[in-house]
Each structure stands twice: as structure tokens, then as C-alpha cells.
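The lines below spell out each chain.
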Amino acid sequence: MGVRLLSTAAAAVLLATAPAKGRGQDSVLVAEVADLLRSGGWPAERDQEGTEPVLRTQADGLPFSIVFYDCEAERCSSFQFQAFFEAEPYIDERLINAWNARKRFLKLSINAGGDVQADMDVLVSGWTAPDAFEDSFALWREMLRELRDHMDGARPVPGRET
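Overview of the structure. (Residues numbered from 1 in each chain as written. Predicted model: local features only at pLDDT ≥ 70, side-chain atom pairs only at ≥ 80, totals over all residues. Heavy atoms only, no water.)

**Some remarks on the packing of helix α2 (residues 93-102) against helix α3 (residues 131-154)**
Running from N to C, α2 and α3 point in directions that differ by 145 degrees, and their axes come no closer than 11 Å. As α2 runs across α3, the sense of the crossing is right-handed. Residues L95, A98, W99 and R102 of α2 lie in contact with α3, whose contacting residues are M143, E146, L147, H150 and A154. A class-by-class count of the residues in the contact of α2 with α3 yields six nonpolar, one polar and two charged. (Axes fitted to C-alpha atoms, helices over the stretch in contact; angles between N-to-C directions. Helix = DSSP H or I, 4+ residues; strand = E, 2+ residues; numbered from the N terminus. Left-handed = near helix turned anticlockwise from the far one by under 90°. Contact = heavy atoms within 4.5 Å. Nonpolar A, V, L, I, M, F, W, Y, C, P; charged D, E, K, R; others polar.)

Right under this line is the structure:
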């Protein structure tokens, strides 16, 4: 894979009660997102980061988290998918900026520890389930695959000058 995923965090969104026909949801229950993950064959371990509910999961061999925000009684109006990658000498601001200039949905940063953090925000507004979550989850997974290719493509090849 090239880049080793250390940990992740994110926030999640989806449905809580059945909306009226033709109307979407403006919030989602953490438990519902966990159920959607599990029904798709992915793990969903409940955790907490400060006051924010978190689901720890993985897909395509990469661990990540879904961190929920703006929650009231486990019903949340937004979430963020998060993944952290171990720092490598070839990963620098130039590489991060090149990604951010070309990609709209998944943004990268270098955190205080020097690791790469990947974030994708999701606002739960007008959502219908389970399609809205499945679409966001599919986009997240595709962005992570593209990110791995981006970072692996920048890895120095022994014997070749950079």
C-alpha cells in the first residue's frame, strides 16, 4: 500500500425516523449509521472523542472513523469521515497542496504530530436513507483509493533521482 494508515476518525450522518414521503432527514442517529455499516459487512465499534460520538470502522483494508457533530440525544446533523496516515519523509506541503488543489471533497492536512489527516465532511440535510449514507460512504472509499494512489505515486523509487 505504501502509506500506512494509523488511525482515523470521522463523523456520520443518516436517518433516524422514517420521513414523510418525499421528505428527507435533517439528522441521523449514531446507532442507525452503525447498523448501516454492519448491514454492509463493515465493523462499527462505538467510541467517544470528548463529547462527540464516534464509530470506528474500516473498509478496503484501511481503518477510519466517523465522528458525529451537532448531536442532541445521539441524533446528529453532521459527521466527518477521518483517516490518519503516518508521516513519511516524501510527504510534504507540496504533495498535500497538490491533492487539495485537485480534489474537492476529501481534504488533507498535516497535523501537529506530522501525520497526514484526511477529512470529508457530510451535512445531514434533506437526506433519505439508506441511499444518502451509501452514496457518501462510496465517495469516501473512492477518495481514499485515489489518495493511496496519489501518495504511492510520490514515493521515491530506489535508484531514481527525484
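**Some words on helix α1 (residues 30-39)**
Given 3.6 residues to a turn, an α-helix orients residues that are three or four positions apart in the same direction. Here α1 has its buried residues at V30, E32, V33, A34 and L37. Structurally, α1 contributes buried residues whose contacts are with β2 (28-29), β3 (45-49), β4 (52-59), β5 (62-72), β6 (75-85) and α3. Note on α1: the residue one or two positions beyond its end, G41, has a positive phi of about 95 degrees. (Buried < 20%, exposed > 50% of the residue type's maximum accessible area, 1.4 Å probe, protein only.)

**Things to note about the nonpolar core**
In terms of nonpolar packing, the biggest core is built from 38 residues, with I66 and F81 touching the most fellow members. Of all the secondary structure elements, the ones that give two or more residues to this core are α1, β4, β5, β6, α2, β8 (116-123) and α3. With eight residues, the single largest contributor to this core is α3. (Core = buried A, V, L, I, M, F, W, Y, C linked by side-chain atoms within 4.5 Å.)

**Brief notes about unusual backbone geometry**
Although it is not a glycine, A73 sits at a positive phi angle of roughly 55 degrees. With respect to the helices and strands, A73 occurs in the loop between β5 and β6. Positioned with a positive phi, E74 is a non-glycine residue whose angle comes to about 70 degrees. Its location among the elements puts E74 in the loop between β5 and β6.

**Thoughts on the packing of aromatic side chains**
Across all of its chains, the model carries eleven aromatic pairs by this definition. When the ring of F68 is compared with that of F79, the centres are 6.2 Å apart and the planes differ by 45 degrees; the resulting orientation is tilted. Here F68, found in strand β5, pairs with F79, found in strand β6; they are eleven residues apart in sequence, far enough to count as distant. Each member of the pair, F68 as well as F79, is classed as buried. Aromatic rings pair up to connect W42, F64, F68, F79, F81, F133, F137 and W140 into one cluster. (Phe/Tyr/Trp six-rings, centres within 6.5 Å; stacked < 30°, edge-to-face > 60°.)

**Observations regarding α2**
Within α2, burial applies to L95, I96 and W99. Burial along α2 is one-sided: seen end-on, the buried residues are contained in an arc of 100 degrees. Of the residues in α2, the exposed ones pointing more than 90 degrees away from the buried face are E93, R94 and A101. In this structure, the buried side of α2 is in contact with β7 (107-110), β8 and α3. (Arc of directions from axis to C-beta.)

**Comments concerning the pairing of β6**
The element β6 is extensively covered by neighbouring structure, given that nine of its eleven residues are classed as buried. Inspection of the sheet shows β2 paired to β6 by two bridges, in the antiparallel sense. Counterpart to V28 in the pairing with β6 is C76. Relative to β6, β5 runs antiparallel, the two being bridged by seven bridges. (Pairing = 2+ DSSP bridges.)

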